[in-house]
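# Chains, contacts and geometry: an overview
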Amino acid sequence: QQKVQQSPESLIVPEGGMASLNCTSSDRNVDYFWWYRQHSGKSPKMLMSIFSNGEKEEGRFTVHLNKASLHTSLHIRDSQPSDSALYLCAASEASGSWQLIFGSGTQLTVMP
Amino acid sequence: GGIITQTPKFLIGQEGQKLTLKCQQNFNHDTMYWYRQDSGKGLRLIYYSITENDLQKGDLSEGYDASREKKSSFSLTVTSAQKNEMAVFLCASSRDINERLFFGHGTKLSVL
C-alpha cells in the first residue's frame, strides 16, 4: 500500500468552478505536507506547503491540514484552464528519515 | 536563482545495458534526489543524498546505483536495463531537510 494516497485520480471541473483534491498519509511519523503541480511535459514545481493544523491561503489556492488524521486537501477556486495539470501531494518527517514521499497524483482538467 | 541540469535529455538503451544518468545543480544545495516517474503517474524515490559522498536508498533502489561525487553532482546508474522499460527520471535538490525541492527537466529513458 502506498504511504501517500491521493484522490480522486482524475478530476474535471468547469472554468470558474472549485476543484478539491485530497491526500492522506498512512505513515504516522509524517509531519509536513507539500503540494506540487506538474504541467504536461514539464517538471514538478512546488505550489504550497503546510506544516500546522488548519488552513493556509495563497490567492485562489487554499490548503487544509488535519494532523490527527494525516489528511490534507487542496482547493482551487475560480479554476482556470491553465490550472490543468497533475497535482502531486508529498509528505515528509520533521526528524529521522529525510525522504520526501509522493502520492500518485490527481490529474486536473479545467474545461473552458 | 539556480538551475538543475540533467544529461542526457533522452536515453535509448538495449536490454541488459548499464546506463548512467547525470545531474548537476548550481544552487549549492546539500540534499539531492533521484525519482522515477512512469507516464502520468506519481514520483517514486530511488536514491537520495544529504551531503557529498552520502547515499540513502529509497523504496525503488533495487536495480539502480547512485554516486554523489561532489556537492553539485549526483549520478544514477541503471545496472541492467529492462526491455520495454520507459520512464522519466527526475533529479531534484533542496537546501535543507524539509525545504522545497527544485527539479531538473528529466531524462526520458526508452529500452528497446
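Scroll up to find the structure this text is about.
An account of the accompanying structure is given in this report. Remember, it's a predicted structure, so these values are computed and weren't measured experimentally.

Bringing the pattern of salt bridges into the picture now. Tallied over the full model, the rule gives 7 salt bridges over all chains. For Arg37(A), the salt bridge goes to Asp83(A), with nearest N and O atoms at 3.4 Å. Here Arg37(A) is found in strand 4 (residues 32-38), whereas its partner Asp83(A) is found in the loop between strand 8 (71-76) and strand 9 (85-92), with 46 residues between them in sequence. A salt bridge links Arg36(B) to Asp38(B); the shortest N-O distance between them is 2.9 Å. Of the two residues, Arg36(B) and Asp38(B), both sit in the buried class. Ionic contacts of the salt-bridge type, sharing partners, join the residues Arg36(B), Asp38(B), Arg44(B) and Glu85(B) into one network.

Backbone hydrogen bonds hold the strands of a sheet together, and the pairing may be parallel or antiparallel. All names here are of chain B. Strands sit in the order 1-3-8-7 across an open sheet of 4 strands; the sheet is antiparallel. Looking along the sheet, the strands with just one partner apiece sit at the ends: strand 1 (4-7) and strand 7 (64-70). Averaged over all adjacent pairs, the angle separating strand axes in this sheet is 15 degrees, with direction ignored. The pairing of strand 1 with strand 3 (residues 19-25) spans 4 bridges and is classified as antiparallel. Paired with Gln 6 across the bridge in strand 3 is Cys 23.

Reading the values: rules and limits
- Residues numbered from 1 in each chain as written.
- Chains lettered and ligands numbered in written order.
- Predicted model: local features only at pLDDT ≥ 70, side-chain atom pairs only at ≥ 80, totals over all residues.
- Heavy atoms only, no water.
- Salt bridge = Lys/Arg side-chain N within 4 Å of Asp/Glu carboxyl O.
- Helix = DSSP H or I, 4+ residues; strand = E, 2+ residues; numbered from the N terminus.
- Buried < 20%, exposed > 50% of the residue type's maximum accessible area, 1.4 Å probe, protein only.
- Pairing = 2+ DSSP bridges.
- Axes fitted to C-alpha atoms, helices over the stretch in contact; angles between N-to-C directions.

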